[in-house]
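Geometric and topological summary
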Amino acid sequence: MQGTEDIAPLIPTIVGAGLIAIGAGIGLGMIGGKAMEAIARQPEAAGKIQTAMIIIAALLEGFAFAALLLG
Amino acid sequence: MFTAYLKTAFFALAFIAFAKANAQDHHERQLTEGEQIIFDEVDGGEYGEGDPVNTKTEVDNFIAHHLQDSHYLTLFEKADDHFFVSVPLPVLLWDNGLRVFMSSVFHHGEEIAEIDGNYYQLHHSKIYKVNGPEDFIPADVHHPENVKPFDISITKNVVTALLVGLIIFLIFGALAKQYKKRSIPKGFGRVLEPLVIYVRDEIAKPNIGEQKYRRFIGFLLTVFFFIWIANLLGLTPLGTNLTGNIAVTVGLALLTYLITTFSANKDYWKHIFWMPGVHWVMKIFFIPIELLGTLTKPFALLVRLYANITAGHVVLFTLLGAITVAKTDLSIGTGASVGFGIFYFILAIFITLIELLVAFLQAYIFTLLSALFIGMAVAEHDHPEHAHAEEDDIDEVRERFV
């Protein structure tokens, strides 16, 4: 392994990436969880809910990736 | 059916033979020797005493090189030993006139090529003009000051894009021909027909509308299959990385942007420049926000596709590279490193399977969001009356309470 002084300047980037992962994870979890609840309540609307879920998940993913790239 | 397999096998063999012959032409080495060298490297036997064995940097370099565009179609390489199994691709330079030659003259950046009295060097996958046959750019200079001629070469990504186009042309040409004879396709057409119908019924119709979807279905189908097949090719040992290249995704998103902008109706522009139903002060505030919104939509499209595919490739190579790094950098025992290798190999297989899903999902999402944006631009709506009605309601409510 390399010395710690090589890794030190990378720490803000690593922590930032971790924060993005946490945020995106919470967001995706909420979207997925709510979609599951909605499908359980109204199984006949599963198709529509799935489409909406994927669109919102994709938008969230776009944000997360933009943040990762800029970071 | 059997002849189709034979044809595929023949082309694969011909490609490998061509690549191999090319490697031997220039470097006069056998493929088996090359494999031997790769194993040696894992053992650390290739390095002299005192040399730091830093395979982590090598893995990083390899990944960075893979993500870039290239003037060669490389199957195997071992740059330190000047060993390459690759197909040279045509180079097209605009430098006071078009200059066309094959990239084999560069010898993978090891030699300076003389073309019509000009000298060019391939330096970190980019072509620079140099002054003479011995005027090498130092390897550690990553952004040299030399003149960079305008490069419109048929690079690896261009070849991949053409290959994807050819695949789409062949499979859909065959499918279209079948519909002249029979109503139900056979063979591979049975895989394609449900996908086409899926794009039409689940993506185009609900998001653009029953009356208008026909104008855009060609674009949506093309984009869907182009991205999907390009993503799948990225998972083959060809080592292509088409949709993980930001220029390609910019091009695709630009198409969506242009189609959205030029097929937009009056209502769309009205909602951008003079949002109905809000106070005029807010209308002025909304203009820059809405204009920015038209640009962020394709930006989100291109970043998502690029980042997803890049991330997938990096994760795969990192997992495979971790096997080497574990052996050389952590210097653990042989048994432990074999266990490490097997573990990471299985992990890499699982990631590849996830990437298969991602390949489809990204094509689906790109098409879906494109359809959504086009649908927004062509939607007919009577919001003004709506908005006014709501305003009136609010006023009524207010009067009642105040």
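The model shown is predicted, which means the values in this text are computed figures rather than measured ones.

1. With respect to the overall build of chain B
Of the regular secondary structure elements, chain B holds eleven helices and eight strands. The buried share among the 402 residues of chain B stands at 25%.

2. Some details on the confidence of the model for chain A
Residues with a pLDDT of 70 or more make up 92% of chain A, whose mean pLDDT is 84. Put simply, helix α1 (residues 4–7) of chain A is where chain A has its lowest mean pLDDT, 67, and helix α2 (residues 11–41) of chain A is where it has its highest, 91.

3. Observations concerning the sheet that holds strand β5 (residues 113–115) of chain B
Whenever strands of a sheet pair, they do so through backbone hydrogen bonds, lying parallel or antiparallel. All names here are of chain B. Strands sit in the order β5-β6-β7 across an open sheet of three strands; the sheet is antiparallel. The open sheet has two edge strands with one neighbour each: β5 and β7 (126–130). Going across the sheet, the axis of each strand differs from the next one's by a mean of 35 degrees, ignoring polarity. Relative to β7, strand β6 (residues 118–123) runs antiparallel, the two sharing five bridges. In the strand pairing of β7, Tyr-119 is matched with Val-130.

4. Points about the interface of chain A and chain B
Across the boundary between the two partners, chain A contributes eleven residues, which contact nine residues of chain B. Partitioning the side of chain A that touches chain B into residue classes produces nine nonpolar, one polar and one charged.

5. Here we look at the nonpolar core
Ala-204, Leu-220, Phe-224, Ile-227 and Phe-366 of chain B are the most contacted members of the largest nonpolar core, which has 45 residues in total. Elements with a minimum of two residues in this core: α3 (46–70) of chain A together with α4 (156–181), α5 (189–208), α6 (213–233), α7 (246–263), α9 (280–328) and α10 (334–378) of chain B. Residue contributions to this core peak at twelve residues, all from α6 of chain B. The residues touching Phe-366 of chain B, leaving out its near neighbours within four places in the chain, are Val-223, Ile-227, Leu-301 and Leu-305 of chain B. In terms of nonpolar packing, the next biggest core, distinct from the first, is built from eight residues, Val-91, Phe-106, Ala-113 and Ile-127 of chain B among them.

6. Some thoughts on the confidence of the model for chain B
Residue and element names in this part refer to chain B. Per-residue confidence for chain B averages 78 on the pLDDT scale, and 78% of its residues sit at or above 70. Mean pLDDT in chain B bottoms out at helix α2 (residues 31–43), which sits at 38, and peaks at α6, which reaches 93. Counted against residues more than four places away or in other chains, residues 15–53, with its pLDDT under 50, gives 37 contacts. The ipTM value of the predicted complex is 0.73, and its pTM value is 0.77.

7. Things to note about α4 of chain B
Residue pairs spaced three or four apart in an α-helix point in one direction, given the helix's 3.6 residues per turn. A rise of 1.5 Å per residue sets the reference length of α4 of chain B, with its 26 residues, at 38 Å; its end C-alpha atoms lie 38 Å apart and thus fit the reference within 8%. Among all positions in α4 of chain B, only Lys-156, Asn-157, Thr-160, Ala-161 and Val-164 of chain B are buried.

8. Here's the deal with the sheet that holds strand β4 (residues 98–102) of chain B
All names here are of chain B. Strands sit in the order β4-β3-β8 across an open sheet of three strands; the sheet is antiparallel. Two strands lie at the open edges of the sheet, namely β4 and β8 (150–151), each paired on one side alone. The sheet contact formed by strand β3 (residues 90–94) and β8 spans two bridges and is antiparallel. Its bridge partner lying in β8, Leu-93 is registered against Asp-151.

9. Re the domain arrangement of chain B
Residues and elements named next belong to chain B. Looking at chain B, the domain boundaries give domain 1 (2–154) and domain 2 (158–390). Across the boundary between the two partners, domain 1 contributes 15 residues, which contact 16 residues of domain 2. For the side of domain 1 that touches domain 2, the secondary-structure elements that each account for two or more residues are α3 (55–67) and β1 (72–78). When residues in the side of domain 1 that touches domain 2 are grouped by element, the largest group, seven residues, is from α3. Each residue belonging to the side of domain 1 that touches domain 2 can be placed in one class, and the counts come to nine nonpolar, four polar and two charged.

10. Quick notes on the environment of Ala-359 of chain B
All names here are of chain B. Examined against the element boundaries, Ala-359 turns out to sit in helix α10. Given 23 C-beta atoms within a 10 Å radius, Ala-359 is considered buried. Between the C-alpha atoms of Ala-359 and His-143, which are 216 residues apart in sequence, the distance is 34 Å. Excluding its chain neighbours within four sequence positions, the residues that come into contact with Ala-359 are Trp-228, Asn-231, Leu-232 and Leu-235.

11. Considerations on the pairing of β3 of chain B
All names here are of chain B. Burial along β3 is one-sided: Val-91 and Leu-93 are buried, and none of Pro-90, Leu-92 and Trp-94, which face the opposite way, are. For β3 and β4, the ladder comprises five bridges, and the chain directions are antiparallel. Residue pairing across strands places Pro-90 opposite Met-102, the latter belonging to β4. Hairpin connection, β3 to β4: the antiparallel pair is bridged by three residues, and Asn-96 has positive phi, about 55 degrees.

12. Topic: the packing of α7 of chain B against α10 of chain B
Residues and elements named next belong to chain B. Interhelical geometry of α7 versus α10 gives an angle of 15 degrees and a closest axis separation of 8 Å. Classified by the interaxial angle, the pair formed by α7 and α10 is roughly parallel. Between α7 and α10 the crossing geometry is right-handed. On α10, the residues touching Thr-256, Ile-259, Thr-260 and Ser-263 of α7 are Ser-370, Phe-373, Ile-374, Ala-377 and Val-378. Taken together, the residues of the contact of α7 with α10 sort by class into five nonpolar, four polar and no charged.

Cut-off values and rules
- Residues numbered from 1 in each chain as written.
- Chains lettered and ligands numbered in written order.
- Predicted model: local features only at pLDDT ≥ 70, side-chain atom pairs only at ≥ 80, totals over all residues.
- Helix = DSSP H or I, 4+ residues; strand = E, 2+ residues; numbered from the N terminus.
- Buried ≥ 20, exposed ≤ 12 C-beta atoms within 10 Å, placed from the backbone.
- pLDDT = per-residue confidence, 0-100.
- Pairing = 2+ DSSP bridges.
- Axes fitted to C-alpha atoms, helices over the stretch in contact; angles between N-to-C directions.
- Contact = placed C-beta atoms within 7 Å.
- Nonpolar A, V, L, I, M, F, W, Y, C, P; charged D, E, K, R; others polar.
- Core = buried A, V, L, I, M, F, W, Y, C linked by C-beta atoms within 7 Å.
- Expected span 1.5 Å × (residues − 1).
- Domains from an automatic or database assignment.
- Parallel < 35°, antiparallel > 145°, perpendicular 65-115°, else oblique.
- Left-handed = near helix turned anticlockwise from the far one by under 90°.

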